[in-house]
Amino acid sequence: MTLEERGGDLIITHLPIEQMALLSLGVALTEEERTVLLALLEGRRVYLADGALEYKQYARTAERGIYIRFTAMERELRELGIRRGGGGHAAGYGRG
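Structural notes, computed from the coordinates.

Definitions and cut-offs
- Residues numbered from 1 in each chain as written.
- Predicted model: local features only at pLDDT ≥ 70, side-chain atom pairs only at ≥ 80, totals over all residues.
- Heavy atoms only, no water.
- Helix = DSSP H or I, 4+ residues; strand = E, 2+ residues; numbered from the N terminus.
- Buried < 20%, exposed > 50% of the residue type's maximum accessible area, 1.4 Å probe, protein only.
- Contact = heavy atoms within 4.5 Å.
- Areas by Shrake-Rupley, 256 points an atom, 1.4 Å probe, with all protein chains shown as cover.
- Core = buried A, V, L, I, M, F, W, Y, C linked by side-chain atoms within 4.5 Å.
- Phe/Tyr/Trp six-rings, centres within 6.5 Å; stacked < 30°, edge-to-face > 60°.
- Patch = residues over 30% accessible without salt bridge, like charges linked within 9 Å, V, L, I, M, F, W, Y side chains within 5 Å.
- Salt bridge = Lys/Arg side-chain N within 4 Å of Asp/Glu carboxyl O.

### A look at the overall build of the protein
- Helix and strand content of the protein: 3 helices and 4 strands.
- When the helices and strands of the protein are listed from N to C terminus, the series reads β-β-α-α-β-α-β.
- Here the protein holds 96 residues, and 35% of them are scored as buried.
- Sequence separation of at least 24 residues holds for 63% of the intrachain contacts in the protein that already meet a minimum separation of 6.
- Taken as a whole, the protein presents about 5700 Å² of accessible surface, with 50% of it coming from carbon and sulfur.

### With respect to the nonpolar core
- Counting 22 residues, the largest nonpolar core has Ile 12, Leu 15, Met 20, Val 36, Val 46, Leu 48 and Ile 82 as the members making the most contacts within it.
- Apart from the residues within four sequence positions on either side, Ile 12 is in contact with Met 1, Thr 2, Leu 3, Val 36, Val 46, Tyr 47, Leu 48, Ala 49, Ala 52 and Ile 82.

### As for the packing of aromatic side chains
- For the structure on display, the rule yields 2 aromatic pairs.
- With 5.1 Å between their ring centres and 50° between their planes, Tyr 55 and Tyr 67 make a pair best called tilted. A residue pair is termed long-range when its members are at least 10 positions apart, and Tyr 55 in the loop between strand 3 (46-48) and helix 3 (64-80) and Tyr 67 in helix 3 qualify at 12 residues.
- Overall, the relative accessible area of 3% leaves Tyr 55 in the buried class.
- Centroid distance Tyr 55 to Phe 70: 5.6 Å. Interplanar angle 20°. Geometry classified as stacked. Taken together, the residues span a long stretch of sequence, with Tyr 55 in the loop between strand 3 and helix 3 and Phe 70 in helix 3 at a distance of 15 residues.
- Cluster of aromatic residues (ring-pair linked, three or more members): Tyr 55, Tyr 67 and Phe 70.

### Comments concerning a nonpolar patch on the surface
- Taken together, the side chains of Leu 25, Val 27 and Leu 29 make up a nonpolar region of the molecular surface, amounting to roughly 320 Å² of accessible area.
- Positionally, Leu 25 belongs in the loop between helix 1 (17-24) and helix 2 (31-41).

### Observations regarding the environment of Gly 81
- Within the fold, Gly 81 resides in the loop between helix 3 and strand 4 (82-84).
- The sequence separation of Gly 81 and Tyr 47 amounts to 34 residues, and the corresponding C-alpha distance is 8.7 Å.
- In this view, Gly 81 contacts Leu 40 and Val 46; residues no more than four positions away in its chain are not counted.

Structure follows, in structure tokens:
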């Protein structure tokens, strides 16, 4: 996972499939995952930059079942408070 801090916001610029699965469950095994979960608990804004989700690279080749599972994980991330794109201090990171 690659993280950037911008004006108090946390931007995830790359999210590998393994870490996406863990975060969607609220599990932190690495310092980066812990940073994201703590930021959410502290009420900070956390954004996913466009193109950050590794699983989307496999849209054309993935079995339908696993791809649907990853789209569900993406929904879980949104429910945790991780936003798509960016706005405010995260300008330049996707949709505003």
